[in-house]
Structures are given as C-alpha cells and as structure tokens.
Amino acid sequence: MNTSQIECFLSVTRHLNFAKAASELCISQPAVSHQINSLENELGVKLFFRTTRSVELTEQGRAFLEDAKSISAIARHALERFSSPDTPGVKSLSIGYSGNVNESFLSDVFSKLIKKHGYFQPFITKVEASHAVSRISEGALDIAFAFAPSDFTNENVKFKPICSSGFVCLFKKDDPLSFYEKITVSDLAEKRLILCRYGSQLSEAVRIRWLLTGERNSSDIIMCEDSLTAQTLVRSGFGIAVMPEVYAENSDIIETKRIEDIDALTFGVLYRKGEESEIVRDFVSFACDGAKIFL
C-alpha cells in the first residue's frame, strides 16, 4: 500500500467519478483505475461499485475511508514536519475528534499553548470514535477528544475526564418545546428526530438511541454524519436533533434544552500513557481548565 493509492482512493471518494479524480490529481484516468485496482487487490475487497454511469462506495469502501484519511494525514504530517530542515524544533500536535469541538474552548487551549510553547503545527482530523484508541496507541494521533470508552483495556492509552455531558435536544425557537420547563424522552415521542451516526460507537449512546427510536417508523428518523450537519437540518426545519451537550451550540434561531431522564456521559481526552510530550501534558491541563468555562 502506498500514498498514491490512498490519494487516488480519497479523490475518487470525493468525486465519485474517475475522470474528475484524474483531473484533480493531474494523472490519466487509466492510472487512477490502476491505483484503485491494485489497492483493492492488496486489501482483498472491492472498494467501489462501478458501472458505465455511476461510482459508489461499497460497504468495505466506507469502512476503509477513515483509515485512508488517517494514513493520508500521517503522510502529510511527516512531509510538513521535515519540509524545512533549516528550521528544526517546530513542535507539532495531532488532534482527533468525532463530533465537533467547541470553537471557543479549542481557541482558548491553543492560545495558552502558543503563549507557553510558541508557534507549533496543529493537525486536526476527524476520526471515528471506535478508532480513536487505536490511533492514539499507534502514534497516528497525539490526542483525541472522546467519551469514556466502554470496556477500556488498552494499557498504552490514558483517558483523562474533562467534563460531564448530558444529552440535549435542539429545536427552532418557535417550536412548542421552547415553553417546556423540563424535557423528557416521552416529550419527543411525536417529533421527527435527527441523530448522529458517531454516537453508535458508544454503548450508552446505543441504549439512548433505542429509547428514542424503539417504536418509531424509519421515516421519523434522520441520520447524519455529525452534529454540525444535524444543527443545519434543525435550522432548516427538518426536526429535533438529539446529541451530547458538548457538541451542541445555541444560535439565533436554535434553542438547546437538556433531556432530563438520560444520564450524563463522561467526556475527555485520550493520549499515550508515559510517552506524552510537554505540549501534550499542557494541552490536557489547559483542556481541563477550559472545560470548566466553555463546556
């Protein structure tokens, strides 16, 4: 497996078109096809359904996508780190997340790091919650934001709690829910729900999703990839979003209220045990302080 194969795969995934991928990569279409075929042969699976009219990711292709993004990010990270040999010593920090990170919270942490360590190179990448521990253990990430992993047994990775996060519902301010003093799961029974797929990696979130969706028709549930997309759908009037409180943000037309009968989860950061650099230790410390203010 090589980076050319990975970049071809990611380009075809973005465009779902081999000709457009070839144009983006400035190579021929047969060259793209060759790279994809060789990658599929090496993995032993088909990554795309291909016809004369369409290209779609297979289930195996979707599963490989996060791995491919991580491999690409690691390669890019290495190139950038060593691209300026005359300026050694520039620190770097690779950070993973699965939902979204509060902008004010992360800005506060970064500002404190710059003040103490000077300029450093941040690499921020989205990672599936189920992959976060392995990415940290393998060295692909320095830090990852995550909920406390269930059945956590990796001896090389440490989880540091930074806050407790309940679940909230997000709705337009003209929704009748805005008049409720308290909201429970039963209050959402007749609402069309917007849920995020990343929550499926949390055993507790699986239980919560079942509570919310157990007797519903599939037409009453909209699944999306992340909380930012969910909030866009709320603003557009598609329904009520449910997500961890740390991922939710109020706006001029969206209101957020805690769901009282769903227990809170522990949110924190993952990092390699015993190998953390000073900048990683400071990130964790500043994150704990910032969570008290912003999360």
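Quick note: structure is the one above.
Scoring rules and cut-offs
Residues numbered from 1 in each chain as written. Predicted model: local features only at pLDDT ≥ 70, side-chain atom pairs only at ≥ 80, totals over all residues. Heavy atoms only, no water. Helix = DSSP H or I, 4+ residues; strand = E, 2+ residues; numbered from the N terminus. Rg over C-alpha atoms; globule rule 2.2 N^0.38 Å. Buried < 20%, exposed > 50% of the residue type's maximum accessible area, 1.4 Å probe, protein only. Contact = heavy atoms within 4.5 Å. Areas by Shrake-Rupley, 256 points an atom, 1.4 Å probe, with all protein chains shown as cover. Lys, Arg positive; Asp, Glu negative; His and termini not counted. Charge placed at Lys NZ, Arg CZ, Asp CG, Glu CD. Pairing = 2+ DSSP bridges. Axes fitted to C-alpha atoms, helices over the stretch in contact; angles between N-to-C directions. Parallel < 35°, antiparallel > 145°, perpendicular 65-115°, else oblique. Nonpolar A, V, L, I, M, F, W, Y, C, P; charged D, E, K, R; others polar. Expected span 1.5 Å × (residues − 1). Core = buried A, V, L, I, M, F, W, Y, C linked by side-chain atoms within 4.5 Å. Arc of directions from axis to C-beta. Polar contact = N/O pair within 3.5 Å; in protein donor to acceptor, adjacent residues only side chain to side chain.

### Digging into the overall build of the chain
If you tally the helices and strands in the chain, you get nine helices and twelve strands. Taking 2.2 N^0.38 as the reference for a compact globule, 295 residues should give roughly 19 Å; the C-alpha atoms of the chain span a radius of gyration of 21 Å, in line with that estimate. Among the 295 residues that make up the chain, the fraction classed as buried is 44%. Restricting the contact set of the chain to residue pairs at least 6 apart, pairs at least 24 apart contribute 73%. By element, 49% of the accessible surface of the chain is carried by carbon and sulfur atoms, the whole surface being about 15,700 Å². Across the chain, 33 positive and 39 negative side-chain charges occur, with their mean positions spaced 2 Å apart.

### Points about the sheet that holds strand 3 (residues 91-97)
Strands sit in the order 4-3-5-12-6 across an open sheet of five strands; the sheet is mixed. Bordering the open sheet on either side are strand 4 (120-126) and strand 6 (157-165), each of which pairs with just one other strand. This sheet shows a mean twist of 20° between the axes of neighbouring strands, independent of strand direction. The pairing of strand 5 (residues 143-147) with strand 12 (residues 265-272) spans five bridges and is classified as antiparallel. Residue pairing across strands places Ala146 opposite Gly268, the latter belonging to strand 12.

### Focus on the packing of helix 2 (residues 18-25) against helix 3 (residues 29-43)
In helix packing, the relevant descriptors are the interaxial angle and the interaxial distance, both defined with respect to the helix axes. For the pair helix 2 and helix 3, interaxial distance at closest approach is 8 Å and the crossing angle is 105°. As the angle between them shows, helix 2 and helix 3 are arranged roughly perpendicular. Facing helix 2, whose interface residues are Phe18, Ala19, Ala21 and Ala22, helix 3 presents Gln29, Val32, Ser33 and Ile36. Grouping the amino acids of the contact of helix 2 with helix 3 by side-chain chemistry returns six nonpolar, two polar and no charged.

### Topic: helix 5 (residues 103-117)
The terminal C-alpha atoms of helix 5 lie 21 Å apart, and with 15 residues this matches the ideal 21 Å at 1.5 Å per residue to within 8%. Buried within helix 5 we find Phe105, Leu106, Asp108, Val109, Phe110, Leu113 and His117. Immediately beyond the C-terminal end of helix 5, within one or two residues, lies Gly118, with a positive phi of roughly 80°.

### A look at the nonpolar core
The biggest cluster of nonpolar side chains holds 54 residues, and the ones touching the most others in it are Leu93, Leu113, Phe145, Leu188, Val242 and Phe283. In terms of residue count, the dominant contributor to this core is helix 9 (residues 278-294) (eight residues). Ignoring sequence-local partners within four residues, the contact set of Val242 consists of Phe167, Val168, Cys169, Leu188, Leu193, Ile194, Leu195, Leu212 and Ile259.

### Notes on the sheet that holds strand 7 (residues 167-172)
Pairing within the open sheet is mixed, and its five strands lie in the order 9-8-10-7-11. Both edges of this open sheet fall to strand 9 (221-224) and strand 11 (254-258), since each of them pairs with a single strand only. In this sheet, adjacent strand axes meet at a mean angle of 30° when their direction is disregarded. One ladder, built from five bridges, connects strand 7 with strand 11; its direction is antiparallel. Residue Val168 lies in a different strand from strand 11, and its bridge partner there is Arg258. Lying over the sheet, helix 8 (residues 227-235) contacts strand 7, strand 8 (193-196), strand 9, strand 10 (240-244) and strand 11, oriented at roughly 155° with respect to strand 10.

### Focus on helix 2
Here helix 2 has its buried residues at Phe18, Ala21 and Ala22. The buried residues of helix 2 occupy an angular sector of 100° when the element is viewed end-on, so they sit on one face. On the buried face of helix 2, the contacting elements are helix 1 (3-15), helix 3, strand 1 (48-50) and strand 2 (55-57). The N-cap of helix 2, judged by a side-chain oxygen 2.9 Å from the amide nitrogen of Ala19 a few residues on, is Asn17. Directly beyond the C-terminal end of helix 2, a positive phi value near 60° is found at Cys26.

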